[in-house]
Amino acid sequence: MIVSPSLLSADFSCLRTDLEMINASEADWLHLDVMDGVFVPNISFGFPVIEAVSRICKKPLDVHLMIENPQNYISQVRDCGAAIMNVHQEACVHLHRTVQAIKAAGMKAAVTLNPATPVCMLEDIISDVDMVLLMSVNPGFGGQKFISGTIAKIQRLRKLIADSGSEALIQIDGGINLTTGKEVAEAGADSVVAGSAVFGTENPTAVISALKKL
Ligand code: DX5
Ligand code: ZN
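Residues numbered from 1 in each chain as written. Chains lettered and ligands numbered in written order. Predicted model: local features only at pLDDT ≥ 70, side-chain atom pairs only at ≥ 80, totals over all residues. Heavy atoms only, no water.

Draft legend 1. Examining the overall build of the chain more closely. Scanning the chain for helices and strands turns up eight helices and eight strands. A compact globule built from 214 residues should have a C-alpha radius of gyration of about 17 Å, and the chain, at 16 Å, falls within 12% of that. When contacts within the chain are restricted to residue pairs at least 6 apart in sequence, long-range pairs at least 24 apart make up 65% of them. Where the 16 positive side-chain charges of the chain centre and where its 23 negative ones centre are 3 Å apart. (Helix = DSSP H or I, 4+ residues; strand = E, 2+ residues; numbered from the N terminus. Rg over C-alpha atoms; globule rule 2.2 N^0.38 Å. Contact = heavy atoms within 4.5 Å. Lys, Arg positive; Asp, Glu negative; His and termini not counted. Charge placed at Lys NZ, Arg CZ, Asp CG, Glu CD.)

Draft legend 2. Quick peek at the packing of helix 5 (residues 150-164) against helix 6 (residues 178-187). At their nearest, the axes of helix 5 and helix 6 sit 9 Å apart, and the two run at 25 degrees to each other. In this view, helix 5 runs roughly parallel relative to helix 6, as classed from their interaxial angle. Handedness of the helix 5/helix 6 crossing: right-handed. Residues Ile 151, Ile 154 and Gln 155 of helix 5 form the contact with helix 6, whose own contacting residues are Glu 183, Val 184 and Ala 187. (Axes fitted to C-alpha atoms, helices over the stretch in contact; angles between N-to-C directions. Parallel < 35°, antiparallel > 145°, perpendicular 65-115°, else oblique. Left-handed = near helix turned anticlockwise from the far one by under 90°.)

Draft legend 3. Highlighting the site of ligand 1. Close contacts around ligand 1 come from 20 residues, with Ser 6, Gly 140, Asp 173, Gly 195 and Ser 196 the closest. Between an oxygen atom of ligand 1 and a side-chain N or O atom of Asp 33, the distance comes to 2.8 Å. Gly 140 places a polar main-chain atom, nitrogen or oxygen, 2.7 Å from an oxygen atom of ligand 1. Mapped by element, the contributors of at least two residues to the shell around ligand 1 are strand 2 (30-35), strand 3 (61-66) and strand 8 (191-194). Ranked by residues supplied to the shell around ligand 1, first place goes to strand 2 with three residues. Partitioning the shell around ligand 1 into residue classes produces eight nonpolar, 10 polar and two charged. (Near = heavy atom within 4 Å. Polar contact = N/O pair within 3.5 Å; in protein donor to acceptor, adjacent residues only side chain to side chain. Nonpolar A, V, L, I, M, F, W, Y, C, P; charged D, E, K, R; others polar.)

Draft legend 4. Spatial organisation of the sheet that holds strand 8. Strand order across the open sheet formed by eight strands is 1-8-7-6-5-4-3-2, with parallel pairing between neighbours. Of all strands in the sheet, those with a lone pairing partner are strand 1 (2-5) and strand 2, marking the two edges. The sheet shows a mean angle of 25 degrees between the axes of neighbouring strands, taken without regard to direction. Where strand 7 (residues 169-173) meets strand 8, three bridges bridge the pair, whose relative direction is parallel. Residue pairing for strand 8: Ile 172 is matched across the bridge by Val 192. On top of the sheet, helix 8 (residues 204-212) reaches strand 1 and strand 8; it is set at about 150 degrees to strand 1, its chief contact. (Pairing = 2+ DSSP bridges.)

Draft legend 5. Seen up close, the coordination of the zinc ion (ligand 2). Protein coordination of the zinc ion (ligand 2) is provided by His 31 (NE2), Asp 33 (OD), His 64 (ND1) and Asp 173 (OD), with donor distances spanning 2.0 to 2.3 Å. Here the zinc ion (ligand 2) is ringed by six donor atoms whose angles at the metal span 71 to 169 degrees, and the overall shape comes out octahedral. On the primary sequence, the residues serving as donors to the zinc ion (ligand 2) are separated as H-x1-D-x30-H-x108-D. Separated by 142 residues along the polypeptide, His 31 in strand 2 and Asp 173 in strand 7 bring together distant segments of the chain. (Donors = N, O, S within 2.8 Å, 3.2 Å for Na, K, Ca; no water. Tetrahedral: all angles 85-135°; square planar, octahedral: opposite > 155°, others 65-115°.)

Draft legend 6. Representation of unusual backbone geometry in the model. You will see that Asn 69, though not glycine, has its phi angle at about 50 degrees, which is positive. Residue Asn 69 is classed as partly exposed on the basis of its relative accessible area of 38%. (Buried < 20%, exposed > 50% of the residue type's maximum accessible area, 1.4 Å probe, protein only.)

Draft legend 7. A look at the pairing of strand 3. A large share of strand 3 lies buried, amounting to six of its six residues. Where burial is concerned, the two faces of strand 3 agree: the one with Leu 61, Val 63 and Leu 65 and the one with Asp 62, His 64 and Met 66 are both buried. In this sheet, strand 3 lies alongside strand 2 in parallel orientation, the contact comprising six bridges. Its bridge partner lying in strand 3, Leu 30 is registered against Leu 61. Of the crossover connections in this fold, the one passing from strand 2 over helix 2 (residues 47-56) to the parallel strand 3 is right-handed. The pairing of strand 3 with strand 4 (residues 82-88) spans five bridges and is parallel. Bridged to Leu 61 within strand 4 is Ala 82. Crossover connection from strand 3 via helix 3 (residues 74-79) to parallel strand 4: handedness right-handed. (Right-handed = clockwise from strand over helix to strand, strands pointing away.)

The structure is reproduced here in structure tokens:
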């Protein structure tokens, strides 16, 4: 399992400590949740914070943009150190153009679907994307309960990827812990994002190691 801990649940008053924990852990990537208060009803952090994180974090940065008009920020996302730029399907009128521009900027292109957006919305773009993120909570907040319908959705996405010959990875974000992580692994997920399950525990590196083994 590719494990991407979400910094949203870290202690922002001592980020260096949490980033050094991530560096020393088995985490594959670090997930960064950017929120604009428009696309989602919350505001988190932006490019100056990501740039500062990139100077300490040794893991590839997996940047999840919960913002309107993400196509306007592609070079800024790249310049602050992102390896993966993840945009919401619901926020992109010209998703094909945006995906191509992300790849042309030298990043992996990922597309996210909200819980109410069906997998079929990606039918004509699936061969172009490096990863699909299925939200297993409504985006905007950490610490929410996993939406169980995500399991069947993973299976539908797995079939779409197989039928199209795409090599897209499947990532799941929201309410992931060792129990729901096992369920999504069995349904065919390649990657999990985990915020509160990692940063809200006494031993985050042990949780990361356990998620890795799923
Ligand atoms: C929610 C974010 C998630 C969040 C997950 O909108 O996209 O990445 O940090 O938090 P947990 O793992 O606590 O549900
Ligand atoms: Zn996220």
